[in-house]
Amino acid sequence: MADRIRLFCLIEEPTLLEAIQTAIDRQSDQFDLETATDPDGGVARLSSTPVDCLVCGGQFRGGSWTDVLETVRETHPALPIVFVVDQADDVGAPDALTAGATDVLSWSPETDLDVVLTARLRNAISAHGIGATDVDHQAPVVEEAPIGIVLIDRSLPSNPIVSVNDEFERQTGYDRTELSGQSLSILEGRATDPSEATVLSEALEAGESVSVELQLSRRDGLSYWSQFWLVPLEGNSAIGFQQDVTIEKRRERELERERMFNEQALDTLDDLFYVVDVDGTLRRWNDRLEAVTGYDRESISNMGVTDFFVEDHRELIADSIQTVFDGEQLTVEADLRTASGLRIPYELTGARLVGPDGTLTGLVGIGRDLTDRKKRERERAAAVEFLGGIYEVTTDLERAFEEKIDRLLELGSAKIGLPYGFLTEIDTDDGIQRIVAATGDHELLQPGQSCSLTEAYCQQTIESDSLFAMTDALEAGLGEDAAYETFGLDSYVGIPVTVEGKLYGTLCFAATESRSEPFGDIDRMFVRLMGKWASYELERERANDALREQNERLEAFASVVSHDLRNPLNVAEGHLEIERDERDSEHLSEVADSLARMGTLIDDLLTLARQGESLEDRQPVALEAVAMECWGNVATENATIVVDAERAILADRSRLVQLLENLYRNALDHVGEDVTVTVGLLEGGFGIEDDGPGIPADDREEIFETGYTTSNDGTGFGLSIVAEIVDAHGWEIEVTEGTDGGARFEITGVEEPS
């Protein structure tokens, strides 16, 4: 035999032929392979083709493999033959051995042929030469054969062993002298299946060929797996061939354990697992598919993949499967239709499955239930819509508090799913609850209605000092509570509302029906949010009331300044002019200066009183033009202005003019008539600086206080008015050192027209 073994493969079954070709290709350095699929034509080719070993078997639609083997053995008595049988049809093995096969290989699509086939081919070639009518166990070819061989005498009742070869000794651990005269039962052990052992003894008694796989025991007690073939010989002899397949069985068990583990793991998944064949049918799936769809295994095996989906998604599924087959991984969303008609949203993945040669065999994928995710998405969308509604209401400056709270209660009732929403004001001293605002048609939950706290769930809300909620009053043990008897509310959620740290009342939502589900975290968060907003809005309302009262007092003060002080001052100035016409003196000049100073004080006080009013309507103003205009109103001949402020800002023009003029006058008063004033731009604002001595750092916090001045002629109101104008605009002002060491006023937070 040449170094490379020449194989001739006579296989009609395509799957088996492909598996053998793949296994031999991986051993191409050892084997040369020729194939044929027509048994008759293949047998004819044997006469003209040099062959070291014939491999045949599998499905044979045109006749009997027994006839083929007998024909080959007649024309090629010395040719080793390995016959392959399906694992599910091992009954063909004895017939094959009887017809002349050297070895029989049991095969299934899961068999690792790379290892098994190579070993069986070499064993068959080495063992070749043992004929059915001439067995000499001392022949070198038998002794050196890598397969265990045993000769049995069938003429005696116990069917004793006559002789064995070296490999049989090695496999069993027994010396041939120990085995001689013993029956094959010496190899049976605790792991041996009695029914399998009986098959051997019955075949010996009947003189029949048999192939069996069983666990035997070595001399040292260790068990091993044996593939045992028994073939009767002419006369009263039989020959047995034993192949130790422990490694193969171990691998099979490992593969089986791995398969079972994988199947168990897949069956424990909450997700669907599926394998789709190239024809679009389900080849494999996990238990979850049956649990989700309600179809049993038999029904599923008769359904196409698209049958599991609602009609309007079936085309999507079919197209997606084809896309995966074309080579693209894919994730799609589609609705599964259960046996009961339930529609369940699923996210489905798919990836190609290919064989060892790269041929497409199907796709594998996972299906994930999107019900919870879709629910969260709907809740998120509802939350965004709800928050948007709250934002729209709370930022609407045109709405009064009463309108805002009514709309807020409507939004909250719709979002939480309780028809009654109400804001209460609670007098803890008198123990009375009064409804301030409400939504819904509950007769006792209307604005102006009041009751004792002992008759309201709000008492438990304020006692809990946090959110109080219940979904079923009777289950909560409140069936005999006065609040339940009065209002008949079965479900309720409420939270205390505080104003400036003190209890004001409660914000609540309720229904006369019980609630099937508990209040979720989002619902509780929304109630807390609305309670916080109510607290803030009430505090703002109180602040607005206080501001209105302050403005009214300021207006009254301005009226006094304008009329009650200015009228007597005007009279005094008139009499002073008359007196100075008759006679003038140094004293009258001082009186005139004092009256003029009093007039300036009155003007500044009036201005200061009116600057604190907030500005609602601002218009675009050209800063550079206004800065130049104001300079013309206050400057002297020797003073200089430098303006680099080409920008439009949003401001009240008249108050901006007053701000600039006051800062210009401040520079003239403290630096002198030859001062240089510079107006420039800043990020988010503008700055005004002079070239004077500046303002000491320790004094910069005080200069905006009313009455603060370092000038003998100043009133101390000029920079206070500047600060009030800045505050009224919502700006900020800071005093720093100028470029040349003078005073620099930086005004920021200034908006530009959009």
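Residues numbered from 1 in each chain as written. Predicted model: local features only at pLDDT ≥ 70, side-chain atom pairs only at ≥ 80, totals over all residues. Heavy atoms only, no water.

Caption draft 1: Broad picture of empty space enclosed by the protein. Summed over all chains, the structure comprises 4 cavities of 30 Å³ or more. By volume, the largest cavity is sized at about 280 Å³. Taken together, 20 residues form the lining of the largest cavity, with Y274, V305, F309, I317 and L348 sitting closest to its centre. Every element with two or more residues in the lining of the largest cavity is listed here: β11 (272-277), α13 (311-325), β13 (330-337) and β14 (343-354). The residue inventory of the lining of the largest cavity, partitioned by class, reads 16 nonpolar, 4 polar and no charged. (1 Å grid on protein atoms, 1.4 Å probe; cavity = no way out; pocket = protein on both sides within 12 Å on 5 of 7 lines; lining within 4 Å. Points joined across faces, edges and corners; volume = space filled by probe spheres on them. Helix = DSSP H or I, 4+ residues; strand = E, 2+ residues; numbered from the N terminus. Nonpolar A, V, L, I, M, F, W, Y, C, P; charged D, E, K, R; others polar.)

Caption draft 2: Representation of the sheet that holds strand β28 (residues 743-748) in the model. Read from one edge of the open sheet, 5 strands run β23-β25-β26-β28-β27, paired in mixed fashion. Strands at the two margins of the open sheet, each flanked by one partner only, are β23 (640-644) and β27 (732-737). Sheet twist, expressed as the average angle between the axes of neighbouring strands with direction ignored, equals 15°. Note: strand β25 (residues 676-682) against strand β26 (residues 685-690), 6 bridges, orientation antiparallel. (Pairing = 2+ DSSP bridges. Axes fitted to C-alpha atoms, helices over the stretch in contact; angles between N-to-C directions.)

Caption draft 3: Spotlight on the environment of Y391. Mapped onto the elements, Y391 comes out in helix α14 (residues 371-394). Accessibility expressed as a relative area gives 57% for Y391, which makes it exposed. A sequence separation of 17 residues divides Y391 from L408, and the C-alpha atoms of the two residues are 10.0 Å apart. (Buried < 20%, exposed > 50% of the residue type's maximum accessible area, 1.4 Å probe, protein only.)

Caption draft 4: Here's a closer look at the packing of helix α20 (residues 623-634) against helix α21 (residues 653-671). Orientation of α20 relative to α21, taken along the N-to-C sense of each, is 50°, at an axis distance of 9 Å. Of the possible angle classes, the one that applies to α20 and α21 is oblique. Here the hand of the crossing between α20 and α21 comes out right-handed. Contacts from L623, V626, A627, E629, C630, W631, N633 and V634 in α20 reach R653, L656, V657, L660, E661, Y664, R665 and L668 in α21. Looking at the contact of α20 with α21 residue by residue, the classes come out as 11 nonpolar, 1 polar and 4 charged. (Parallel < 35°, antiparallel > 145°, perpendicular 65-115°, else oblique. Left-handed = near helix turned anticlockwise from the far one by under 90°. Contact = heavy atoms within 4.5 Å.)

Caption draft 5: Spotlight on the nonpolar core. In terms of nonpolar packing, the biggest core is built from 41 residues, with L656, L660, Y664 and F686 touching the most fellow members. Among the elements of the structure, α20, β23, β24 (648-651), α21, β25, β26, α22 (718-729) and β28 are those that each provide at least two residues to this core. The greatest single-element share of this core, amounting to 8 residues, is contributed by α21. The next biggest cluster of nonpolar side chains, apart from the first, holds 30 residues, and it includes V43, L97, L151 and I239. (Core = buried A, V, L, I, M, F, W, Y, C linked by side-chain atoms within 4.5 Å.)

Caption draft 6: Structural view of the pairing of strand β15 (residues 360-369). With 6 bridges joining them, β11 and β15 adopt antiparallel strand pairing. Looking at the pairing, V275 lines up with V364 of β15. With antiparallel pairing between neighbouring strands as the criterion, β14 and β15 make up a hairpin whose turn holds 5 residues, including G358 at a positive phi of roughly 85°.

Caption draft 7: Spotlight on the confidence of the model for the protein. Looking at the protein as a whole, its pLDDT mean stands at 83, while 86% of the residues score no less than 70. Here residues 129-141 is modelled with pLDDT under 50, and outside its nearest four sequence neighbours on either side it reaches 22 contacts, counting other chains as well. (pLDDT = per-residue confidence, 0-100.)

Caption draft 8: Representation of helix α9 (residues 194-206) within the structure. Taking 1.5 Å of rise per residue, 13 residues should cover 18 Å, and α9 covers 18 Å from first to last C-alpha, within 8% of that figure. When α9 is considered as a whole, its buried residues turn out to be A197, L200, A203 and L204. Down the axis of α9, the sector holding all buried residues measures 120°, keeping them to one side. The exposed residues of α9 that point more than 90 degrees off its buried face are P194, E202 and E205. Packed against the buried residues of α9 are β6 (148-153), β8 (210-217), β9 (223-232) and β10 (237-244). One or two residues past the end of α9 sits G207, with phi positive at roughly 70°. (Expected span 1.5 Å × (residues − 1). Arc of directions from axis to C-beta.)

Caption draft 9: Quick peek at a negative patch on the surface. Where like charges cluster on the molecular surface, the negative patch consists of D698, E701, E702, E732 and E734. Inspection of the secondary structure puts E732 in strand β27. (Patch = residues over 30% accessible without salt bridge, like charges linked within 9 Å, V, L, I, M, F, W, Y side chains within 5 Å. Areas by Shrake-Rupley, 256 points an atom, 1.4 Å probe, with all protein chains shown as cover. Salt bridge = Lys/Arg side-chain N within 4 Å of Asp/Glu carboxyl O. Lys, Arg positive; Asp, Glu negative; His and termini not counted. Charge placed at Lys NZ, Arg CZ, Asp CG, Glu CD.)

Caption draft 10: Examining unusual backbone geometry more closely. Phi is positive for N159, close to 50°, though the residue is something other than glycine. Even without being glycine, E500 reaches a positive phi, approximately 55°. If you trace the backbone, E500 turns up in the loop between β20 (491-499) and β21 (502-511). With a relative accessible area of 58%, E500 lands in the exposed category.

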